[in-house]
Amino acid sequence: MVSIAIDGPSGAGKSSLSNALAERLGYIHLDTGAIYRTVALYVIESGVDPKDAEGVIALIPKMDVVIEYVDGAQRMILCGEDVTGRIRTSEISAGASAVSAIPEVRTFLLELQRDFARRNNVIMDGRDIGTVILPDATVKFFMTASDDARAERRLAELVEKGEKISIDEVKSAMATRDKNDKSRKVAPAIPADDAIFLDNSGPFEETLEKALKIIRERTK
Ligand code: DC
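As a convention, each chain's residues are numbered from 1 in the sequence order in which they are written. Thresholds applied to this predicted model are a pLDDT of at least 70 for local features of residues and 80 or more for the giving and counting of side-chain atom pairs; totals over whole chains, interfaces and linings are not thresholded and use all residues. Side-chain figures throughout are based on the complete set of non-hydrogen atoms in the structure, without hydrogens or water.

> I tried to follow the pairing of strand β7 (residues 139-144) on my own but got confused; where do I start?
On a regular strand, one side chain projects to one face of the sheet and the next to the other, so that they alternate. Of all 6 residues in β7, 5 are buried; the element is thus mostly enclosed. DSSP bridges decide pairing: two strands pair if at least two such bridges lie between them. Each helix is a run of H or I in the DSSP string that is no shorter than four residues. Each strand is a run of E no shorter than two, and both are numbered from the N terminus. Sheet topology note: the strand β1 (residues 3-7)/β7 ladder contains 4 bridges and is parallel. Along β7, the bridge assignment pairs A5 with K140. Exposure categories follow from relative accessible area, calculated using a 1.4 Å probe and restricted to protein chains: below 20% of the type maximum is buried, above 50% is exposed, and the middle band is partly exposed.

Given below as structure tokens:
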């Protein structure tokens, strides 16, 4: 099986690139951030603070997280309910960052992700795909973009969801989340030693073509 790991901070354009690559190559895209977001939703709806590690760990046995694909699009199913449309809020972003720092949560989700790559040709995007989940991935990318470009992307996503938020608030929330994700003890969001850096501050088509060229060279 071919596996393409795409790591990097939020708003770098990982999802757009992953979707475009999946379409062009006929692979399946797994957005692993959506899994952490689904866990955060469960925790918040259970009335537990996502930063309360003990409280979160106690909930793990009750979490029933399933990934489905409908017309090629990833759906997150939590305890039998499709929650895909409810995991893209600022509250869930912060909650996902908090629960993702808990080692037991990461262990709980590890096999789910690895099993996916064993059964499918995948484009997997996240923070620790190249370092922890798929250390033998066929190609590893670490995607970046300027802070302004990232914040603009996040703002557009949130406004589309109906959130009233300013660009400065987005930048500040992004900086906090980046710091948490990079500095946590387990699986920090850092590039793998053998990752290829992709800067996505410029035109998306250029980033896509560059990634496609590298993947084609490695898989021929
Ligand atoms: O990619 P995203 O913004 O949807 O991710 C939400 C949070 O989940 C992010 O702040 C860090 C965490 N995450 C992680 O720790 N490991 C991953 N593979 C994916 C996401």
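> Looking at this model, I keep getting lost on the side chain of T84. Mind explaining?
The topology assignment puts T84 in the loop between β5 (81-82) and α4 (90-99). On the basis of relative accessibility, which here comes to 17%, the residue T84 falls in the buried class. Any N or O atom pair separated by 3.5 Å or less is treated as a polar contact, with the protein-specific requirement of one donor-capable and one acceptor-capable atom, and with residues adjacent in sequence counted only for side-chain atom pairs. Here the side chain of T84 touches R75 through a polar contact of 3.4 Å, side chain to side chain. Polar contacts involving the side chain of T84 include one to the side chain of D82, which spans 2.5 Å. Look past the residues within four positions of T84 in its chain and what remains in contact with it is Q74, R75 and M76. Residue contacts are counted whenever heavy atoms from the two residues lie within 4.5 Å of one another.

> Explain the sheet that holds strand β3 (residues 65-70) here, please?
As a general point, the strands of a sheet are linked pairwise by backbone hydrogen bonds and lie either parallel or antiparallel. Pairing is antiparallel in the open sheet, where 3 strands are placed in the order β3-β4-β5. Two strands bound the open sheet, and with one partner strand each, they are β3 and β5. Both strand β4 (residues 73-78) and β5 contribute to a ladder of 2 bridges, which runs antiparallel. In the sheet register, I77 faces β5, and the bridge partner there is D82. Here helix α2 (residues 33-45) sits on the sheet in contact with β3 and β4, set at roughly 25° to β4. For helices, the fitted line uses only the C-alpha atoms of the stretch in contact; every axis is such a line through C-alpha atoms, and the angle between N-to-C directions lies from 0 to 180 degrees.

> What is the right way to read the environment of I102 from this model?
Within the element layout of this structure, I102 appears in the loop between α4 and α5 (103-119). With 48 residues separating them in the primary sequence, I102 and E54 have C-alpha atoms 9.3 Å apart. With residues near it in sequence (within four places) discarded, I102 still touches P50, A53, V56 and I57.

> I'm lost on the site of the ligand in this one. Help?
Think of it this way: one heavy atom of a residue within 4 Å of a molecule or strand is enough to make that residue near it. Around the ligand lies a shell of 16 residues, among which R37, R106, R177, D181 and R184 are the nearest. Between R127 and the ligand, the recorded distance is 2.9 Å, taken from a side-chain N or O atom to an oxygen atom. D128 places a polar side-chain atom, nitrogen or oxygen, 3.0 Å from a nitrogen atom of the ligand. Residue assignment for the shell around the ligand shows that the elements contributing at least two residues are α2, α4 and α8 (167-183). Here the element with the most residues in the shell around the ligand is α2; it accounts for 3 residues. Any residue outside Ala, Val, Leu, Ile, Met, Phe, Trp, Tyr, Cys, Pro, Asp, Glu, Lys and Arg is labelled polar, Gly included; the first ten of those are nonpolar and the last four are charged. Here the shell around the ligand is built from residues that sort into 2 nonpolar, 6 polar and 8 charged.

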